[in-house]
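# Observations on the three-dimensional arrangement
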Amino acid sequence: MQMDINDLNQDDEEMAKLFENNKLWAEKVRREQPDFFEKLTHQQHPEFLWIGCSDSRVPANEIVNMLPGELFVHRNVANLVLPGDLNCMSVLYYAVEVLQVKHILVCGHYGCGGVSAAMSNRSHGMIDGWLHNIKNVYHKHHQQLDLAATEEQRLDRLCELNVIEQVANVSQTPVVQKAWGRGNPLTVHGVIYSIRDGILKDLDVRVTGVQQTPRSFHIHDDE
Ligand code: CO
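My aim in this report is to walk through the structure given alongside it, one point at a time. The structure displayed is predicted, hence computed values, not measured ones.

## Things to note about the overall build of the protein chain
In terms of regular secondary structure, the protein chain is built from nine helices and five strands. N-terminal to C-terminal, the α/β element order of the protein chain is α-α-β-α-β-α-β-α-α-α-α-α-β-β. A principal-axis box enclosing the C-alpha atoms of the protein chain has dimensions of 55 × 45 × 35 Å. Out of the 223 residues belonging to the protein chain, those deemed buried represent 38%.

Written out as structure tokens, the structure is:
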């Protein structure tokens, strides 16, 4: 792609700002806690895996006021957990098997653009295959969704139902099933964030063991 000199200058300025911000941030952290980076160099011990939306308005660490080292994070469009997604499954595997996190949070947000796109009957190009998974969630719950009084309420309810379905998807993965089989304490939570007021709401759908998941997903290593 051709860029003219003005575009390049603009580009340089934006990047310079980014590096400047980074320097200021690192200095501030070091001022408040001189050994902060030194300690993090050696290891990370996050107790939480965060699976959230890529939306720039839903930044994981900031929302829950956690520092680097406290959250292991995976984000994608509309916070989907699909067993065929090698990226998400690798993050899940590492978080559960190696880091041994105690909590997995699936975090959705109201007004999600991905969920909204899936609700429409237009094609959205190469992302259609991804959105198909949300359409499945819609179809599964269409009776209650079609009753919503307004479009906004319908979208917000689908955002919640999508989180609840992804909590089930996490709970049904072999990685999580095996961790429970070994007796590891591990809870899967569904939460939803409001961009309007910054508040995170618990959807009260926590899953803490195999007994809460359908039998067809159970794993017995001795068989
Ligand atoms: Co979103």
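## Focus: the coordination of the cobalt ion
Coordination sphere of the cobalt ion, protein contribution only: C53 (SG), H109 (NE2) and C112 (SG), at 2.0 to 2.3 Å. One chain supplies every donor to the cobalt ion, and in sequence these donors are spaced C-x55-H-x2-C. Residue classification places C112 among the buried residues on the basis of a relative accessible area of 1%.

## Considering the sheet that holds strand β2 (residues 71–76)
An order of β2-β1-β3-β4-β5 is seen for the five strands of this open sheet, with the pairing classed as mixed. One side of each edge strand has no neighbouring strand; the edge strands of this open sheet are β2 and β5 (200–202). Taking the axes of each pair of neighbouring strands and ignoring which way they run, one obtains an average angle of 25 degrees across the sheet. Sitting on the sheet, helix α8 (residues 151–171) is in contact with β1 (48–53), β3 (103–109), β4 (187–193) and β5, with an inclination near 160 degrees to β4.

## Observations regarding the packing of helix α6 (residues 128–140) against α8
Remark: α6 packs on α8, axes separated minimally by 10 Å, with the N-to-C direction vectors making an angle of 105 degrees. Put simply, α6 runs roughly perpendicular to α8. The segment α6 lies against α8, with I134, V137, Y138 and K140 engaging R154, L158, L161, N162, E165 and Q166. Split by residue class, the contact of α6 with α8 holds five nonpolar, two polar and three charged.

## Structural notes on the environment of D11
Topologically, D11 is positioned in helix α1 (residues 5–32). Here D11 falls in the partly exposed class, since its relative accessible area comes to 32%. In this structure the C-alpha to C-alpha distance between D11 and W130, which are 119 residues apart in sequence, comes to 31 Å.

## Re the pattern of salt bridges
Across all of its chains, the model carries 12 salt bridges by this definition. E97 is the partner of R182 in a salt bridge, and the nearest nitrogen-oxygen pair spans 3.3 Å. With R182 in the loop between α9 (174–181) and β4 and E97 in helix α4 (residues 86–98), this pair connects stretches of sequence that are 85 residues apart. Measuring nitrogen to oxygen at the nearest pair gives 2.6 Å for the salt bridge that ties D202 to R206. Under the relative-accessibility criterion, D202 is labelled partly exposed at 33%. For R206, a relative accessible area of 38% corresponds to the partly exposed category. Within the structure, one salt-bridge network assembled from shared partners comprises R157, E160 and K201.

## A short note on the packing of α4 against α9
α9 packs onto α4 with a crossing angle of 15 degrees between their chain directions and a minimal axis gap of 9 Å. Classified by the interaxial angle, the pair formed by α4 and α9 is roughly parallel. In this structure, α4 meets α9 at a crossing whose hand is left-handed. The segment α4 lies against α9, with L92, Y93 and V96 engaging V175, V176 and A179. Of the residues assigned to the contact of α4 with α9, the class counts are six nonpolar, no polar and no charged.

## A few points about unusual backbone geometry
Phi angles above zero are rare outside glycine, and A78 is one such case at about 70 degrees. Looking at where A78 falls in the secondary structure, it is placed in the loop between β2 and α4. Residue class for A78 comes out buried when judged on its relative accessible area of 0%. Its identity as a non-glycine residue notwithstanding, D204 has a phi of 55 degrees, on the positive side. In this fold, D204 is placed in the segment after β5. For D204, a relative accessible area of 56% corresponds to the exposed category.

Criteria and thresholds
Residues numbered from 1 in each chain as written. Predicted model: local features only at pLDDT ≥ 70, side-chain atom pairs only at ≥ 80, totals over all residues. Heavy atoms only, no water. Helix = DSSP H or I, 4+ residues; strand = E, 2+ residues; numbered from the N terminus. Buried < 20%, exposed > 50% of the residue type's maximum accessible area, 1.4 Å probe, protein only. Donors = N, O, S within 2.8 Å, 3.2 Å for Na, K, Ca; no water. Pairing = 2+ DSSP bridges. Axes fitted to C-alpha atoms, helices over the stretch in contact; angles between N-to-C directions. Contact = heavy atoms within 4.5 Å. Parallel < 35°, antiparallel > 145°, perpendicular 65-115°, else oblique. Nonpolar A, V, L, I, M, F, W, Y, C, P; charged D, E, K, R; others polar. Salt bridge = Lys/Arg side-chain N within 4 Å of Asp/Glu carboxyl O. Left-handed = near helix turned anticlockwise from the far one by under 90°.

Taken by themselves, the reported measurements are silent on function.
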